[in-house]
Amino acid sequence: MPRKPAAATAALDLPLDRIIEGDCIAAMAALPEASVDLIFADPPYNLQLKGELHRPDNSQVDAVDAAWDRFASFEAYDAFTRAWATEARRVLKPDGAIWVIGAYHNVFRVGATLQDLGFWILNDVVWRKSNPMPNFRGKRFTNAHETLIWAARSDAGRPVFNYDAAKALNEGLQMRSDWVIPLCTGAERLKGADGAKLHPTQKPEALLHRVLVTTTKPGDVVLDPFFGAGTTGAVAKRLRRRWIGIEREPAYVEAARRRIEGVRAVSEEAASATPSKRAEPRVAFGQLVERGLLRPGEVLRSACGRKQARVRADGTLVCADATGSIHQIGAHLQRAPSCNGWTYWHFERDGAVVPIDALRSAIRAEMQV
């Protein structure tokens, strides 16, 4: 009897779109190896709170004081981090990646452990809260940010990064590593039976939306080993990603299930991210000349019209004092170290000035059909 491919077997064994109630280390140990595309981990912060915290009006601040956030020592916390991160790395696919969010209490210790285990850190992203909680004691700066670590399973991995989708989210500008997003408030904040917030560190859906749109594809499997109020599952379902949640606190499990049941997935078209030009078929400038889209001897100009060069039959350009590729001549004329010739050079057709990249896009469209 023929054996099923390993990937197909792993997919059958995964508890997709479900919450596993229990310890995250044991639950991950039961998952197949190399079966998950992305992990978003929001582990306990080990806040080391000393006493109650009160506002100026003497009302008590609902801080993180649950048993799940308390550890006997830094050594105990480090051992816990190593244990869950080891299992996380095992279940990631070779090109998988992990996001870990933390505060100054724990994120540096977690980052060191990830590096020790072989993860390759790609970015540390600062989530700057536009509405942070004030520092009521007035003894230090207001803590207005948290840090996210984005890391590949190894330095050989090629994790998903939807670069152009990230730019689109940022109005066409390259996405930076400092993200201004408000805390989870209002109707999005889950409440318990007593009307108080259900989970002390519930993350805003906007944060997970950015993470999933930029670093996953529709259909990818996203694992959250510290599922809490279910934000990862809610956003993953909406964006047509598969998800697995692990949570040990029964109250959080029940609330997360109810929350996710009420989420509707967007259409396949709406869930798709802008494809990266790096992933599109390669088109050489010479192909434009071969196919007669540009003629040997035709003049190309910069967008401003002040720089120009002529097309040669072999797909190079020539200007007054140099010959080379569209990129080399563009850089030479600007006296710049580099140049994207596809966006720099333009040609004229029927009185209109058109970037040569429009011709490349037309060829790519034919290739994809």
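Along each chain, residues carry numbers from 1 onward, in the same order as the chain's sequence is written. Selection of residues for local features in this predicted model requires a pLDDT of at least 70, selection of side-chain atom pairs for listing and counting requires 80 or more, and totals for whole chains, interfaces and linings are taken over all residues. Where side-chain values are given, they derive from all heavy atoms of the structure, hydrogens and water being excluded.

- As annotated in an unreviewed UniProt entry, the protein chain carries the name Methyltransferase and comes from Rubrimonas cliftonensis.
- UniProt positions are given in the numbering used here, feature names are shortened, and annotations may be inferred rather than shown by experiment. Here the protein chain is described in UniProt, under the heading Catalytic activity (unreviewed entry), as follows: "a 2'-deoxyadenosine in DNA + S-adenosyl-L-methionine = an N(6)-methyl-2'-deoxyadenosine in DNA + S-adenosyl-L-homocysteine + H(+)".

### Observations concerning helix H7 (residues 231–238)
Piece 1. Each residue gets one of three labels from its accessible area relative to the maximum for its type: buried under 20%, exposed over 50%, partly exposed in between, using a 1.4 Å probe on protein chains only. Where helices and strands are cited, they refer to DSSP runs of H or I of at least four residues and of E of at least two residues respectively, numbered from the N terminus. Counting buried positions along H7 gives 6 out of 8 residues, so the element sits mostly inside the fold.
Piece 2. The complete set of buried residues in H7 reads Thr231, Thr232, Gly233, Ala234, Val235 and Ala236.
Piece 3. For H7, the elements touching its buried residues are strand S2 (36–41), helix H6 (205–215), strand S7 (221–224), strand S8 (242–247) and helix H8 (250–261).
Piece 4. One or two positions beyond H7, positive phi appears at Arg240, with a value near 65°. A contact between two residues is defined here by any heavy atoms of the two lying within 4.5 Å.

### Let's talk about the sheet that holds strand S4 (residues 120–128)
Piece 1. DSSP bridges decide pairing: two strands pair if at least two such bridges lie between them. Ordered by their spatial adjacency, 8 strands build an open sheet running S1-S8-S7-S2-S3-S5-S4-S6, and the pairing between neighbours is mixed. Sheet topology places strand S1 (18–21) and strand S6 (178–180) at the edges, where each strand pairs with a single neighbour. The sheet shows a mean angle of 20° between the axes of neighbouring strands, direction not considered.
Piece 2. Helix H4 (residues 107–117) rests against strand S3 (92–102), S4 and strand S5 (145–152) of the sheet, and its axis sits at about 5° to S5.
Piece 3. Each of S2, S3, S4, S5, S6 and S7 is contacted by H6, which is oriented at about 155° to S2, the strand it contacts most. Interaxial angle, 0 to 180 degrees, is taken between N-to-C directions of lines fitted to C-alpha atoms, where a helix line uses only the stretch in contact.

### Considering the nonpolar core
Piece 1. Judged by nonpolar contacts, the single largest core of 32 residues is most densely connected at Trp99, Leu148, Leu207 and Leu212.
Piece 2. Breaking this core down by element, the ones donating at least two residues are S2, S3, S4, S5, H6, H7 and H8.
Piece 3. Of all the elements, H6 adds the most residues to this core, at 5 residues.
Piece 4. Once residues within four sequence positions are removed from consideration, Leu207 is found in contact with Ile101, Trp127, Leu148, Trp179 and Ile181.
Piece 5. Buried residues of nine kinds, namely Ala, Val, Leu, Ile, Met, Phe, Trp, Tyr and Cys, make up a nonpolar core once their side-chain atoms join them within 4.5 Å. Ala88, Ile98, Val221 and Ile246 belong to the second-largest nonpolar core, a separate cluster that totals 29 residues.

### Concerning the packing of H6 against H7
Piece 1. Two numbers describe how H6 lies on H7: the axes approach to 9 Å, and their chain directions differ by 55°. The angle between the axes of H6 and H7 places the two elements in the oblique class. Helix-helix and strand crossings are classified by hand; for H6 and H7 the assignment is right-handed. For the pair formed by H6 and H7, the contact residues are Glu205, Leu208, His209 and Leu212 on the first element and Thr231, Thr232, Ala234, Val235, Ala236 and Arg238 on the second.
Piece 2. Residue composition of the contact of H6 with H7, grouped by class: 5 nonpolar, 3 polar and 2 charged. Working rule for angles: under 35 degrees goes down as roughly parallel, over 145 as roughly antiparallel, 65 to 115 as roughly perpendicular, anything else as oblique. Crossing handedness is read from the near helix: turned anticlockwise from the far helix by less than a right angle, it gives a left-handed crossing, and turned clockwise, a right-handed one. Each residue gets one of three labels, nonpolar for Ala, Val, Leu, Ile, Met, Phe, Trp, Tyr, Cys and Pro, charged for Asp, Glu, Lys and Arg, and polar for the others, Gly among them.

### A word on the packing of aromatic side chains
Piece 1. Between the rings of Phe, Tyr and Trp (Trp by its six-membered ring), a pair exists once the centres lie within 6.5 Å; its type follows the angle of the planes, with under 30 degrees stacked, over 60 edge-to-face, and the other angles tilted. Applying the stated criterion to the full structure yields 12 aromatic pairs.
Piece 2. With centroids separated by 5.3 Å and ring planes inclined at 40°, the aromatic side chains of Phe71 and Phe80 adopt a geometry described as tilted.
Piece 3. Residue classification places Phe80 among the buried positions, given a relative accessible area of 18%.
Piece 4. Between Phe161 and Tyr163, the aromatic rings sit 6.1 Å apart at their centres with planes inclined by 65°, giving edge-to-face as the arrangement.
Piece 5. Under the relative-accessibility criterion, Phe161 is labelled partly exposed at 40%.
Piece 6. Site record: aromatic cluster; members linked through ring pairs are Phe71, Tyr77, Phe80, Trp84 and Phe226.
Piece 7. One Lys or Arg, Arg89, reaches over the ring of Phe119 and ends 5.9 Å from the middle of that ring.
Piece 8. Counted as over-ring charges are cases with an Arg CZ or a Lys NZ within 6 Å of the ring centre that also lie within 35 degrees of the ring normal. Note that Arg210 overlies the ring of Trp179, its terminal NZ or CZ placed 5.1 Å from the centroid.

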